[in-house]
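# Chain and residue survey
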Amino acid sequence: MNPSPRFWTERLGRAFALDLRSLAALRFVLGLLLLVDTLSRLTEVSAFYSDTGILPRALQGDVVSGWRWSLHLANGQAWFQSLLLLAQAGAALALAFGWRTRIANLLAWLLSASLLNRNPLVLGAGDTLICVLLFWCLFLPTAARWSIDAALSPKAPPTDHRHASWASAALLLQVLSVFFFQALLQPAAADLYAADTDTLAAGRWLREHADANQALATWAVCAQLIAPLILLLRAGTTRAARYRMIVRAVLLLQLLLVALLTMFTLSTGMLAWAQIAGLIALVGATFWENRARHIRRQQPGTELRLYYDRSCGFCLKTCRLLTQLLALPNARVLPAQDNRRADSLLRANDSWVVIDHDDTAHLKGAAMLLLIRRSPLFAWVGVLALPLGLSGAADLVYEAIARNRAVLSRLGDKLLPEPALPFVPSIGMQRLAGLLATLVLVWNLAGLRTPDGPFERLLAPPLELLRLDQRWDAYSPSPVPADSWWVAAGHTGDGREVDALRSAGDALRFDEPGAARDDGVRWRAFRRQMAQPQLAATRARWSEYLCQRWNADRSADSADRLVDFKLISVLDLQSGTGRRLEQRVLGRQDCTAPGAR
């Protein structure tokens, strides 16, 4: 007898269902990652995104083609780029805490995609993954748990923790695709940690220990190929829930360990962090239920009553925010005037009142610390606060808030209104998510054969427009088939030989890659691409930038000013006969020329 359509619908629902608490955790972590990443870019805003940097708008067309767009192209001055970055940081913070979540999510994605399109030469796979995760979150109820929106909305969020939709399937496929296609596109297992010049200390150790390198690399490839397939194929089965939970936990742990291995061995920027954020979304309900049970065992009796002053709207909002953001499902928020004991304590101490399961009353900062200790998310903070003696500091914070209640109340009315928000996107949005997820899957599959085949050319317009085009080959060999580095061999006014890429006191050397002044992951990504023939104009601008930076703090008559240099790519060619260095001069720059002064 053939299974009914209802059977397959339920099975697919189980396979692609996500937990609303996991989606909330993804929202928080993704917002923080975007915030940290955005603030880090502020230190290099002039070099990367202004017209005085390495890629002015006049050259942007040489490296960006197709359907790319960027708001950052509206103005080439550093102040404008900084303003957009600050707006992106604000959107990231609002997203993390779930304030106006849908708008914050949309703004964060728009500004993130715009920034990536402005200068793709400094991007890594982690930047792309953060951007696509932001996009899929637009179609998901990420604010339904532990958010400011859920605390303040008159419309209650969904009561069922389980969410299954086209968008949940899209997010699950996206997260697993990163690992799966990364394994298919990366070099041979033995070369995984030996072919990348940007290895960290642990990666360099692995390069020197071939057996350990081979074993870990083989395990990483197998885990990335097998775990995603089993998660998809077995998640919808009707076997015992405990069996499914154990299998899911083991497979997610394998992928987490792969991400951690990447983090500690290879310098891939935000990739490992973004992978971990994606895996958080796949954590099942069993984890959160076990976490809640653990808290109840550690602290029996989780029922809490929060009493506030009925005449203070700000106090009510604060209590509702705390119960949501601290994930306190068994906490009730009640007006103190309806309880004689709570009312007398509130009046006598000018404080809110929190009464726990054994009828003990807690006031001021001590009440706040109690809520933190009962939180399944932040209980560890409350445990640390006790030996550190932070109860006194918590009282001071509470009293400062109480003294300024009127001001904070007016501010809260403006910033924290109570709109009835739709937590689950419409069916039309869900269908759009399903269609786009299908296109992305076809794109990734077609990219296994060739990165510029007919399918890619057909799908490029919509996917490039939405910044969903992707290729997970972070470990694949760079265009230069060997370890390589750059040397800018130049002369100062007094005839001294220097390397314009390094500090003035460093000796000019060709035999090993010294530490460049710009040694961040984005600068390394930029330098890796500069040997490509089609980027000759960008190399020339880079050379001018190096002249300007070296001479910026030196007077016109200083003997230490840079006069000229040659831009040299050094290749370290390893062979059976030993080591051989090959030098290729890819640019010459006169620093006295008008454009380089």
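Shown above is the structure to which this text applies.
Quantities reported herein were computed from a predicted structural model and do not represent experimental measurements.

The rules behind these values
- Residues numbered from 1 in each chain as written.
- Predicted model: local features only at pLDDT ≥ 70, side-chain atom pairs only at ≥ 80, totals over all residues.
- Heavy atoms only, no water.
- Helix = DSSP H or I, 4+ residues; strand = E, 2+ residues; numbered from the N terminus.
- Buried < 20%, exposed > 50% of the residue type's maximum accessible area, 1.4 Å probe, protein only.
- Areas by Shrake-Rupley, 256 points an atom, 1.4 Å probe, with all protein chains shown as cover.
- Axes fitted to C-alpha atoms, helices over the stretch in contact; angles between N-to-C directions.
- Parallel < 35°, antiparallel > 145°, perpendicular 65-115°, else oblique.
- Left-handed = near helix turned anticlockwise from the far one by under 90°.
- Contact = heavy atoms within 4.5 Å.
- Nonpolar A, V, L, I, M, F, W, Y, C, P; charged D, E, K, R; others polar.
- Phe/Tyr/Trp six-rings, centres within 6.5 Å; stacked < 30°, edge-to-face > 60°.
- Pairing = 2+ DSSP bridges.
- Disulfide = S-S within 2.5 Å.
- Core = buried A, V, L, I, M, F, W, Y, C linked by side-chain atoms within 4.5 Å.
- Salt bridge = Lys/Arg side-chain N within 4 Å of Asp/Glu carboxyl O.

The secondary structure content of the protein amounts to 24 helices and ten strands. Looking at the protein as a whole, 48% of its 597 residues qualify as buried. With an accessible surface of roughly 27,700 Å², the protein has 61% of that area assigned to carbon and sulfur atoms.

Bringing the packing of helix H15 (residues 313–325) against helix H20 (residues 405–415) into the picture now. Packing of H15 against H20 leaves a shortest axis separation of 9 Å and a crossing angle of 70 degrees. With respect to their mutual orientation, H15 and H20 come out roughly perpendicular. You can see that H15 and H20 cross each other, and the crossing is left-handed. In this structure, H15 uses Phe 314, Cys 315 and Lys 317 to contact H20, whose residues at the interface are Arg 405, Leu 408, Ser 409, Gly 412 and Asp 413. A per-class count over the contact of H15 with H20 returns three nonpolar, two polar and three charged.

Below, the discussion takes up the packing of aromatic side chains. Here the structure, examined in full by the defined rule, presents 16 aromatic pairs. The interplanar angle of 85 degrees and the centroid separation of 5.4 Å between the aromatic rings of Trp 486 and Trp 542 together place this pair among those described as edge-to-face. In this pair, Trp 486 sits in strand E7 (residues 483–492) while Trp 542 sits in helix H24 (residues 536–551), placing the two residues 56 residues apart along the sequence. Each member of the pair, Trp 486 as well as Trp 542, carries the same accessibility label: buried. An aromatic cluster of at least three residues, connected via ring pairs, comprises Phe 48, Tyr 49, Trp 486, Trp 523, Phe 526, Trp 542 and Tyr 545.

Another point: the sheet that holds strand E6 (residues 361–363). Sheet strands pair by backbone hydrogen bonding; their relative direction is either parallel or antiparallel. The strand order across the open sheet formed by four strands is E4-E3-E5-E6, and the pairing between neighbours is mixed. Across the chains shown, the open sheet's two edge strands, defined by having one partner strand only, are strand E4 (331–335) and E6. For this sheet, the mean angle separating the axes of adjacent strands, direction not counted, is 25 degrees. One ladder, built from three bridges, connects strand E3 (residues 304–308) with strand E5 (residues 353–355); its direction is antiparallel. Paired with Leu 306 across the strands is Val 354, a residue of E5.

Another point: the state of the cysteines. Enumeration over the complete set of coordinates arrives at two disulfides. Numbered by order of appearance in the sequence, the disulfide-linked cysteines of the protein pair as 1-2, 3-4. Distance from the sulfur of Cys 319, which forms no disulfide, to the nearest cysteine sulfur (Cys 315) is 7.0 Å. Under the relative-accessibility criterion, Cys 319 is labelled buried at 2%.

Along the polypeptide, Thr 101 turns up in helix H6 (residues 101–118). Relative accessible area serves as the criterion here: at 5%, Thr 101 is assigned to the buried category.

Right, let's get into the nonpolar core. Trp 136 and Leu 171 are the most contacted members of the largest nonpolar core, which totals 72 residues. Counting 30 residues, the second-largest nonpolar core is a separate cluster that includes Val 122, Ala 500, Trp 542 and Leu 562.

For the pair helix H9 (residues 166–185) and helix H13 (residues 271–280), interaxial distance at closest approach is 8 Å and the crossing angle is 130 degrees. Taken together, the axis directions place H9 and H13 in an arrangement best described as oblique. Contacts between H9 and H13 involve Val 175, Val 178, Phe 179 and Gln 182 from the former and Leu 271, Gln 275, Gly 278 and Leu 279 from the latter. Residue composition of the contact of H9 with H13, grouped by class: five nonpolar, three polar and no charged.

A word on the pattern of salt bridges. Taken as a whole, this structure holds 21 salt bridges when the rule is applied. Ionic pairing is found between Lys 364 and Glu 399, a salt bridge with its closest N-O pair at 3.6 Å. Of this pair, Lys 364 sits in helix H17 (residues 364–374) while Glu 399 sits in helix H19 (residues 391–403), placing them 35 residues apart in sequence. Residue classification places Lys 364 among the partly exposed positions, given a relative accessible area of 23%. In this structure Glu 399 comes out as partly exposed when scored by relative accessible area, which is 28%. Here Glu 544 and Arg 541 are joined by a salt bridge, their closest N and O atoms 3.2 Å apart.

Looking at where Ser 40 falls in the secondary structure, it is placed in helix H2 (residues 20–41). Look at Ser 40 and you get partly exposed, because its relative accessible area is 38%. Measuring from C-alpha to C-alpha, the distance between Ser 40 and Leu 85 comes to 9.9 Å, with 45 residues separating the pair along the chain.

Note that every value here comes from positions in space, so none of it alone points to a role or purpose.
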